[in-house]
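Descriptive structure summary
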Amino acid sequence: MPRSIRITLLSLTAIFLLSLSASAQSASSSAPTLKRQKSGTTQRLQAVSPVDSQVVWASGVGGTYVLTTDGGEHWQAHVVPGAENLEFRDVQAFSSQVAYLLSAGTGTDARIYKTEDGGNTWRLEFQNQDPNEFFDCFAFWTRTRGLVMVDSVNGRFPVRRTTNGQIWKDISNNLPPALPGEAAFAASGTCVATQGQDRAWIGTGGASQARILATTNRGKTWQAYDTPITQGTPTSGVTSVDFRDAFHGILGGGEILKPHDFSNNIARSSDGGKTWQLATPTPFRGAVYGLSYATDASRREGSNSQTVVATGPSGAAWTPDEGDTWNLLPGLVNYWAVAFADAHTGWLVGTEGRIVKITF
């Protein structure tokens with residue numbers, strides 16, 4: 001074969017491979033599809049927990065929770081008996097039968113419920129008695145091991161931990177001292193994130209410094225690390241945190257009381273939360289209330305996905321590169337929380353029973 005023809009064929013092959021690579025890259029960063037679904041309630045939904053692409057639980061005010069077992073084609077809305085005045089600002093689901101609900105609030109309004117029969121009955125696992133403690137959110141490593149974040153009281157964080165899914169013990173002595181006014185935000189059930197079998201991160205605000213509290217041993221010891229996002233007032237700081245593996249994480253937040261202002265509301269870490277760098281702010285104004293990596297809901301083994309969806313009352317957006325660039329999700333306002341079942345399928349929930357399925 002003449003040399004010139006070989007060169008031409010090699011060139012064509014290179015162009016073809018480059019074309020395939022560009023097509024694959026384009027496909028991986030193509031805009032997601034959005035499908036609005038009927039939740040069966042008009043109550044504000046503040047947290048969502050997909051088990052897989054078919055089974056999803058969400059929760060909200062008025063003692064409300066909703067459940068689908070067919071990917072959101074049909075949702076069933078219910079109220080937990082005796083909890084009609086509670087705000088279920090977090091939910092953690094493990095199957096179509098097993099789920100936990102956390103009601104945010106002070107005193108006896110702060111409670112944890114559990115069902116093992118798909119919501120037919122609920123067991124009150126924990127009811128707070130301290131009138132000064134406000135429960136914000138929880139997260140689990142397994143269906144029997146988890147953490148509850150509680151706002152600081154008298155310079156300490158009365159965080160609760162369970163190792164058997166039933167008894168929730170105060171581990172405040174394991175955590176660093178709290179800054180004056182330091183607290184978490186019960187906006188989307190994502191102020192705590194767990195990953196693997198041992199790691200957890202808590203986002204804080206409300207003080208002079210917004211911080212991440214991190215553990216690598218299931219809450220036995222903790223370290224506090226500063227973050228660079230908008231902070232310094234009682235209504236600003238970290239609202240949401242997520243990690244895709246032991247090292248790479250992202251957080252969102254901002255100033256809750258300035259919904260019309262752009263701000264430094266996104267930061268990321270590549271060293272397990274020890275240091276944080278500002279990323280590009282979201283294209284929507286105001287604070288981020290919730291964010292999530294588009295990856296498996298269990299986060300057991302870690303993920304290479306850098307796709308993140310962030311949402312808040314002023315809008316929602318997604319990034320294919322962990323916050324370098326953002327794309328606005330059109331028409332999505334007043335969605336407070338987002339979570340994914342896998343790398344392709346997630347849900348956003350918000351006010352007036354809003355719920356939308358997002359598919360990459």
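Keep in mind that this is a model prediction, so the values were computed, not measured.

Here is what the cut-offs are and how they apply
Residues numbered from 1 in each chain as written. Predicted model: local features only at pLDDT ≥ 70, side-chain atom pairs only at ≥ 80, totals over all residues. Heavy atoms only, no water. Phe/Tyr/Trp six-rings, centres within 6.5 Å; stacked < 30°, edge-to-face > 60°. Helix = DSSP H or I, 4+ residues; strand = E, 2+ residues; numbered from the N terminus. Buried < 20%, exposed > 50% of the residue type's maximum accessible area, 1.4 Å probe, protein only. Disulfide = S-S within 2.5 Å. Pairing = 2+ DSSP bridges. Axes fitted to C-alpha atoms, helices over the stretch in contact; angles between N-to-C directions.

Okay, the packing of aromatic side chains next. If you walk through the whole model with that rule in mind, you get 15 aromatic pairs. Judged by centre distance (5.9 Å) and plane angle (85 degrees), the ring pair of F140 and W168 falls under edge-to-face. You can see F140 sitting in strand 10 (residues 134–142) and its partner W168 sitting in the loop between strand 12 (160–162) and strand 13 (169–170), a full 28 residues away along the chain. Its relative accessible area of 3% is what places F140 among the buried residues. Accessibility expressed as a relative area gives 6% for W168, which makes it buried. Relative to F360, the ring of W318 lies with its centre 5.3 Å away and its plane at 70 degrees, an arrangement referred to as edge-to-face. Separated by 42 residues along the polypeptide, W318 in strand 24 (residues 315–319) and F360 in the segment after strand 28 (355–359) bring together distant segments of the chain. W318 sits in the buried class, given a relative accessible area of 3%. Taken together, the aromatic side chains of F94, Y100, F138, F140 and W168 make up a single cluster linked through ring pairs.

What follows is about the state of the cysteines. For the structure on display, the rule yields one disulfide. Across a sulfur-sulfur distance of 1.6 Å, C137 and C191 are joined as a disulfide pair. On the S-S bond that ties C137 to C191, the torsion sits near -90 degrees, and the link is left-handed. Of the two residues, C137 sits in strand 10 while C191 sits in the loop between strand 13 and strand 14 (192–195), which places them 54 residues apart along the sequence. You can call C137 buried: its relative accessible area is 0%.

So, on to the sheet that holds strand 26 (residues 335–340). Taken in spatial order, the four strands of this open sheet run 1-28-27-26, and their pairing is antiparallel. Either end of the sheet is taken by a strand with one partner, and the two such strands are strand 1 (33–36) and strand 26. Neighbouring strand axes in the sheet, compared pairwise and without regard to direction, differ in orientation by 20 degrees on average. Judged from the five bridges that link them, strand 27 (residues 345–350) and strand 28 form a sheet pairing that is antiparallel. Residue pairing in the sheet places L348 in a bridge with V356 of strand 28.

Function-wise, these values are silent; they only describe arrangement.
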